[in-house]
Amino acid sequence: MNRLFLVTALCVSIVSVSGCSNKSVVRYGDAEAVETTDVNFGSTDLQKIANQMADSLVLSPVVGTATENNRPIIFVERIKNKTSEHIDTESVTDSISTRLLRSGKFRFVDMGSVNAVREQLEFQQNSGLVDTSKAIAFGQHVGAQYMLYGNLASIVKSNKDASDVYYKFTLRLMDLKSGLVEWADETEIRKTKGKELVGW
Amino acid sequence: MLRKPSIEYMQINHFKNGLLIALILILCGCSSASLNDLFNGYDQQMRGVKQSQLQGNFKQAINLIPPRSSNDSSYSLSMLEKARLEFLANKPEQSQQDFEQVYNVIQKSQQAAKFQLSRGVENFGAILSNDNVIRYDIPLYEQSMLHSYQAFNYLQQKDLSGALVEIRRANIVQQQALRDNLGSIYNVQNQLGDNSFYFDDVANRYPDMSNTIGKVKNGFQNAYTFFLSALLYEAAGQQNDAYIDYKKALEIYPENSYLQQDVMRLATSLHMTDDIAKYKARFAYASSTVDNEQNQGQIVIFAESGIVANKQEYSMNLPVYTSHDDMRFYSVALPSYQNQLKVFSPVELVYQNKHYQTEEIVRIQSLAAKSLEDQLPAIVTRQVSRLIAKEKFREQAQRQGGDLGNIFANIYNMSTEKADTRSWSTLPDSIQILRLNLASGEHQLELNVNGKSQVLNVSIQANKITLVKLTAIGSFTNYHTFNI
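Residues numbered from 1 in each chain as written. Chains lettered and ligands numbered in written order. Predicted model: local features only at pLDDT ≥ 70, side-chain atom pairs only at ≥ 80, totals over all residues.

(A) Region of interest: the packing of helix α6 (residues 75-88) of chain B against helix α7 (residues 92-110) of chain B. All names here are of chain B. With their axes 8 Å apart at the nearest point, α6 and α7 run at an angle of 155° to one another. Comparing their axes, α7 and α6 come out roughly antiparallel. Relative to α7, α6 is oriented so that their crossing is left-handed. Packed against α6, whose contacting residues are S76, M79, L80, K82, A83, E86 and F87, the element α7 presents Q94, S95, D98, F99, Q101, V102 and V105 at the interface. When the residues that make up the contact of α6 with α7 are grouped by side-chain class, the tally is seven nonpolar, four polar and three charged. (Axes fitted to C-alpha atoms, helices over the stretch in contact; angles between N-to-C directions. Helix = DSSP H or I, 4+ residues; strand = E, 2+ residues; numbered from the N terminus. Parallel < 35°, antiparallel > 145°, perpendicular 65-115°, else oblique. Left-handed = near helix turned anticlockwise from the far one by under 90°. Contact = placed C-beta atoms within 7 Å. Nonpolar A, V, L, I, M, F, W, Y, C, P; charged D, E, K, R; others polar.)

(B) Inspection of the nonpolar core at higher detail. All names here are of chain B. Counting residues in hydrophobic clusters, the biggest one holds 101 residues, and the most contacted among them are A223, F227, L232, Y246, A249 and I301. No other element matches the 10 residues that helix α13 (residues 223-235) contributes to this core. Discounting residues that sit within four places of it in the chain, L232 has contacts with A151, L160, A163, L164, I167 and I484. (Core = buried A, V, L, I, M, F, W, Y, C linked by C-beta atoms within 7 Å. Buried ≥ 20, exposed ≤ 12 C-beta atoms within 10 Å, placed from the backbone.)

(C) Main features of unusual backbone geometry. All names here are of chain B. One non-glycine residue with positive phi stands out, namely Q352, at about 50°. Relative to the helices and strands, Q352 is located in the loop between β5 (348-351) and β6 (354-357). For N353, which is not glycine, the phi torsion reads 65° and is therefore positive. In this structure, N353 sits in the loop between β5 and β6.

(D) Quick look at the interface of chain B and chain A. Listed by partner, the interface residues are 18 residues for chain B and 19 residues for chain A. Elements with a contribution of two residues or more to the side of chain B that touches chain A: α1 (7-30), β1 (115-116), α8 (117-128) and α10 (160-181) of chain B. When grouped by side-chain class, the residues that make up the side of chain B that touches chain A number seven nonpolar, eight polar and three charged.

(E) Here's a closer look at the pairing of β6(B). Residues and elements named next belong to chain B. Strand direction decides the pairing type here: β5 and β6, joined by four bridges, are antiparallel. The residue bridging L349 from the neighbouring strand is Y356, located in β6. Count of turn residues in the β5/β6 antiparallel hairpin: two residues, of which Q352 carries a positive phi of about 50°. (Pairing = 2+ DSSP bridges.)

(F) Spotlight on the packing of helix α2 (residues 43-59) of chain A against helix α4 (residues 89-103) of chain A. Residue and element names in this part refer to chain A. Running from N to C, α2 and α4 point in directions that differ by 40°, and their axes come no closer than 9 Å. As summarised for this structure, α2 and α4 are arranged oblique, according to the angle between their axes. Remark: the crossing between α2 and α4 carries right-handed chirality. Only S91, V92, S95, I96, R99, L100 and S103 of α4 make contact with α2, whose side of the interface consists of L46, I49, A50, M53, A54, L57 and V58.

(G) Fine view of the sheet that holds strand β3 (residues 146-158) of chain A. Residue and element names in this part refer to chain A. Within the open sheet, the five strands sit side by side as β2-β1-β3-β4-β5. Their pairing is mixed. A strand with exactly one partner marks an edge of an open sheet, and here the two such strands are β2 (107-109) and β5 (181-194). Mean inter-strand twist for the sheet, computed between neighbouring axes without regard to direction, equals 25°. The pairing of β3 with strand β4 (residues 162-175) spans 13 bridges and is classified as antiparallel. Following the sheet pairing, Y146 is matched in β4 by D175. Sheet contacts for α2: β4 and β5; angle to β5, the most-contacted strand, approximately 155°. Of the strands in this sheet, β1 (73-82), β2 and β3 touch α4, which is tilted by about 150° from β1.

In short, shape yes, function no, at least from these values alone.
Set out below in structure tokens:
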């Protein structure tokens, strides 16, 4: 009897202790550390894609000749999300274009901010608040020579032992004048998560 | 000579009984089905909600959903109900959030450990009380409907690529279901061992659902999801993907003439010569002409009719033999669906003096009944184990507390004998489709919904698809248009 009481008391105290000692702590971590919380698209995948694509584009011989004497102007079309996750593909293209800009070999026009620019120019021209002689006139933007576009596709499979996801990211650079695809590359990522045998 | 029970023996038994009651209480708290669930069926709890839904008063219906905490065993189900009603109340953002939450729960449970201790606890609790203690695993047809509504939520926010993500998720659900479901159902029966004769007894008395199930072959293949998927792929310019899903939908609903036309149209435009020959032989009218007329767009109407009926509790008396070989009758409650389908008249559309009618693409009531039928072996198995456990409990109580214990145990056993009638019960009963080419521009079309005429204002763009989601629940009729 005594022993049973002891065991029950022990169980109750374990439960209550495990309930109370679970304090959450805020920490700073390395933004580039490998993240493996789950199999879904994560920061490591994004960084891997952005790094590999930007490096491959900068180092490719075709681009080398094109960037010899000038800095070609690129516009980024969207990356088509063909996966079964809601992925912010704009953030992928942002990372890639930032890296390309940093390399100093390319220049970019940003189609996402066209409306804001137009509004600002209209304000300078028509609001009456800005000195029109110094206002920026319409029609002075430079058009893009190349278009960057691509696809992100995935294959998801799972069974009772594991779930597996495969991503394929394809990026292409098209010469807008000739319509030729001057450069293309792809990155593959495979992630597998085995299921635990026993869990709560 | 009878052996007098020693004091120690009594104490241990006391302790055992106390432990049992304590366990029941802990289980009620821990796996946290509310006490309400133990004694009131889900169908009863949802009655008010469905009443308001039938009147088209969706806000009131949302407020009437019984509140549940996030660790409640039916939490994801109540989120489904809420999200569906929010969808009807035209609140796409909230509906999207709630559906996403349910999706996360599903994902989590799919990636959970193979043997989950918490499930063991729930099953144990279910054997002592009833199946409502077990967490609600969202059946596959409900998952595919979740993604379909979620796709509409994205469309409403003009996010076609988001909608396509949901469609792909729905397709993954159906693919996995097809692979996993084969042969997994009938393994349960073997677990019962010696008590399997109870199993046959229960199974034989179970009410027939064949009228409700109809021609449905499995509880997860949803032609509506495939059709929606094909439509969105077509809108996104992926004709090949669209063709595959139209064909899958046609496999499930071979008589649907709109599906026949769609398959034929895409087969022709993709030059699938073998398929064209095959389908020409199969379809009576065999029109392979592609409507290439300029300045035409398409209207696709999804007409949702009615609300699915809830599972009902079906009680039967089963004889159980006590350890003294006395026969006692036990009341056993099992979930079941009514064995009849409501009849919905098709929606009629009049355009240029011609009449067009919607055709059925999914009967959710049938899918629900079929998926219940698939779950029955497991349900009956648990029911039989419960029967035995409860009889053991009664014997114990009688030994301990004499007649009073016996009465207490009987009352407990009877009042906890509740069937698990949980299912997503705000879904439509039947969904029908209609597809038509219209000249581009504004149109005022006349619809005939359940004998009442309704004017439909749509703007058609050349070579584009305009989706119309028509809801006809009870006395309530409303529609939304999406240009995709």
